[in-house]
Amino acid sequence: MIKIGLLGCGNVGHVIATHAENIRVVAVFDIIPGRAEELAALCHARPYTDFDAFMREDFSIVVEAASVGAVRSYAETVLRSGRDIIVLSAGALADEEYRERLIEAAREAGKTIRIPSGAVVGLDNIKIGQVSPPKTLLLRTTKPPASLGMTADTPTEIFKGLAHDCIKQFPKNINVAVALGLAAGRDADVELWVDPAAERNVHEIFVEGDFGDIYVRVRNVPSPDNPATSYMAALSILTLLKNLENPLVVGT
Ligand SMILES: NC(=O)C1=CN([C@@H]2O[C@H](COP(=O)(O)OP(=O)(O)OC[C@H]3O[C@@H](n4cnc5c(N)ncnc54)[C@H](OP(=O)(O)O)[C@@H]3O)[C@@H](O)[C@H]2O)C=CC1
Ligand SMILES: O=C([O-])CC(=O)C(=O)O
């Protein structure tokens, strides 16, 4: 049984704490005391709003499902304490200087930073970009207004540019773009659309390179508790945890 510490007791945190099969959540941490207490009661863990106290608990992995800011505040301490970390708010790693520092901390501690596929598919073989850089790497994301916390009467492009800039403006909505770039080995181009007719969070990935071309479209159901987050993201972490100790590894 793998013991985990859960960083973030919101929407994804609830799914992980109440559905994981092969793990035991021993401690949960959130900025909001009521959220930590409620989730701790559901999964028989101990609740914390004090990070240092949380870190004194006995777990080997931290699962982050909180925010880009939480990763920036805590991930390095987690690694240097000798724990692995699973980072869902991958946008935190868009900043190259911070990313290199975090990777160095992991290397020095002999620990691992894992970025789950989250709300997209295809991160496995898009890694071929690390050996054969793609000419095109574009993510077009279209979300309903509620997912972006805004109103719109017509389909509107609200961002066009690079992932590392987009995540600064939309840290709760476009972590996928940073994960895509980390997989492919270069910053992804992003188009972010809000569409009042959309009922799902749609991610379209376009890649072109020496190998040929890829088009992937994911039509995700928004989470009922947080429409910005696709339900697939929570399932992705559950699946990563399920396979952590599996000797059979499928996918690049
Ligand atoms: N890589 C990917 O594909 C995807 C990534 N994500 C990201 O995953 C993360 C979790 O998503 P979700 O569960 O839906 O988010 P929620 O907002 O539902 O839950 C996050 C919880 O963590 C708390 N929190 C935020 N910052 C901190 C902090 N610094 N210290 C302690 N607690 C904190 C939040 O409190 P408060 O509400 O007060 O901020 C909230 O209770 C988000 O960053 C989201 O953008 C989501 C989907 C896909
Ligand atoms: O869940 C999604 O569709 C994508 C998302 O919020 C993110 O990448 O931050």
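Conventions used here
- Residues numbered from 1 in each chain as written.
- Chains lettered and ligands numbered in written order.
- Predicted model: local features only at pLDDT ≥ 70, side-chain atom pairs only at ≥ 80, totals over all residues.
- Heavy atoms only, no water.
- Near = heavy atom within 4 Å.
- Polar contact = N/O pair within 3.5 Å; in protein donor to acceptor, adjacent residues only side chain to side chain.
- Areas by Shrake-Rupley, 256 points an atom, 1.4 Å probe, with all protein chains shown as cover.
- 1 Å grid on protein atoms, 1.4 Å probe; cavity = no way out; pocket = protein on both sides within 12 Å on 5 of 7 lines; lining within 4 Å.
- Sits in = over half its atoms within 2 Å of the grid points.
- Nonpolar A, V, L, I, M, F, W, Y, C, P; charged D, E, K, R; others polar.
- Helix = DSSP H or I, 4+ residues; strand = E, 2+ residues; numbered from the N terminus.
- Contact = heavy atoms within 4.5 Å.
- Axes fitted to C-alpha atoms, helices over the stretch in contact; angles between N-to-C directions.
- Parallel < 35°, antiparallel > 145°, perpendicular 65-115°, else oblique.
- Left-handed = near helix turned anticlockwise from the far one by under 90°.
- Core = buried A, V, L, I, M, F, W, Y, C linked by side-chain atoms within 4.5 Å.
- Buried < 20%, exposed > 50% of the residue type's maximum accessible area, 1.4 Å probe, protein only.
- UniProt positions renumbered as here; feature names shortened; annotations may be inferred.

Chemist: Describe the site of ligand 1, with residues and values.
Modeler: Contacts to ligand 1 come from 26 residues, most closely from Asp30, Arg35, Ser67, Ser89 and Thr229. One of the side-chain N or O atoms of Asp30 is found 2.7 Å from an oxygen atom in ligand 1. Between ligand 1 and Ala66, the relevant distance is 3.4 Å, taken from an oxygen atom to a main-chain nitrogen or oxygen of the residue. A total of 920 Å² of accessible area belongs to ligand 1 in isolation, and the protein chains cover 85% of it. One can see that ligand 1 is located within the second largest pocket. The residue makeup of the shell around ligand 1, split by class, is 14 nonpolar, nine polar and three charged.

Chemist: Which residues make up the environment of Ile113, and what values go with them?
Modeler: Along the polypeptide, Ile113 turns up in strand β6 (residues 113-114). Excluding its chain neighbours within four sequence positions, the residues that come into contact with Ile113 are Leu79, Ile85, Val87, Leu102, Ile103 and Ala106.

Chemist: Can you break down the packing of helix α1 (residues 11-19) against helix α9 (residues 231-243) residue by residue, with the values?
Modeler: Remark: α1 packs on α9, axes separated minimally by 9 Å, with the N-to-C direction vectors making an angle of 40 degrees. What the angle tells us is that α1 and α9 run oblique. Crossing of α1 over α9 shows right-handed handedness. Every residue of α9 that contacts α1 at Val12, Val15, Ile16 and His19 is listed here: Tyr231, Ala234, Ile237, Leu238 and Leu241. Of the residues that constitute the contact of α1 with α9, the class distribution is eight nonpolar, one polar and no charged.

Chemist: Before we move on, could you go through the site of ligand 2 and cite the residues and values that matter?
Modeler: Around ligand 2, the neighbouring residues are Ala119, Lys143, Lys172, Asn173, Ile174, Asn175, Val176, Asn201, His203, Ala228, Thr229 and Ser230. A distance of 2.8 Å is found between an oxygen atom of ligand 2 and a backbone nitrogen or oxygen belonging to Val176. The separation between an oxygen atom of ligand 2 and a polar main-chain atom of Ala228 is 2.9 Å. Relative to its unbound accessible area of 260 Å², ligand 2 is 94% covered by the protein chains. Structurally, ligand 2 is housed in the second largest pocket. When contributions to the shell around ligand 2 are tallied by element, the ones reaching two or more residues are α8 (175-184), β10 (201-209) and β13 (226-230). No other element matches β13, which puts three residues into the shell around ligand 2. Of the residues assigned to the shell around ligand 2, the class counts are four nonpolar, six polar and two charged.

Chemist: So what's going on with the nonpolar core? Residues and values would help.
Modeler: One finds Phe54, Ile174, Leu180 and Ile205 to be the most contacted residues of the largest nonpolar core, which totals 55 residues. The contact partners of Phe54, leaving out residues within four places of it in the chain, are Gly5, Leu6, Ala27, Val28, Phe29, Tyr48, Phe59 and Val62. Formed by 27 residues, the second largest nonpolar core is a distinct cluster that contains Ile2, Ile16, Leu39 and Val63.

Chemist: Can you tell me about the UniProt feature "domain: Aspartate dehydrogenase" (unreviewed entry) in the protein chain, naming the residues and giving the values?
Modeler: Feature annotation in UniProt places "domain: Aspartate dehydrogenase" (unreviewed entry) on residues 153-237, given in this structure's numbering. Secondary structure across residues 153-237 divides into 28% helix and 45% strand, with the first and last C-alpha atoms of the span separated by 34 Å.

Chemist: Can you lay out the UniProt feature "binding site: NAD(+)" (unreviewed entry) in the protein chain for me, pointing to particular residues and giving the numbers?
Modeler: Under the UniProt annotation, the feature "binding site: NAD(+)" (unreviewed entry) is placed at Ala119 and Asn175. Considering the C-alpha atoms alone, the annotated residues occupy 57 residues of sequence yet fold into one spot, their largest mutual distance being 8.9 Å. Narrowing the list just given to those that line the second largest pocket leaves Ala119 and Asn175. Assessed through its relative accessible area of 9%, Ala119 is described here as buried. Each residue touching Ala119, except ones within four places of it in the same chain, is listed here: Val176, His203, Val218, Asn220, Ser230, Met232 and Ala233. By the secondary structure assignment, Asn175 is in helix α8. Once residues within four sequence positions are removed from consideration, Asn175 is found in contact with Val68, Leu88, Ser89, Ala90, Gly91 and Ile167. Engagement of the side chain of Asn175 in a polar contact is seen with the backbone nitrogen of Ala90, the distance being 3.3 Å.

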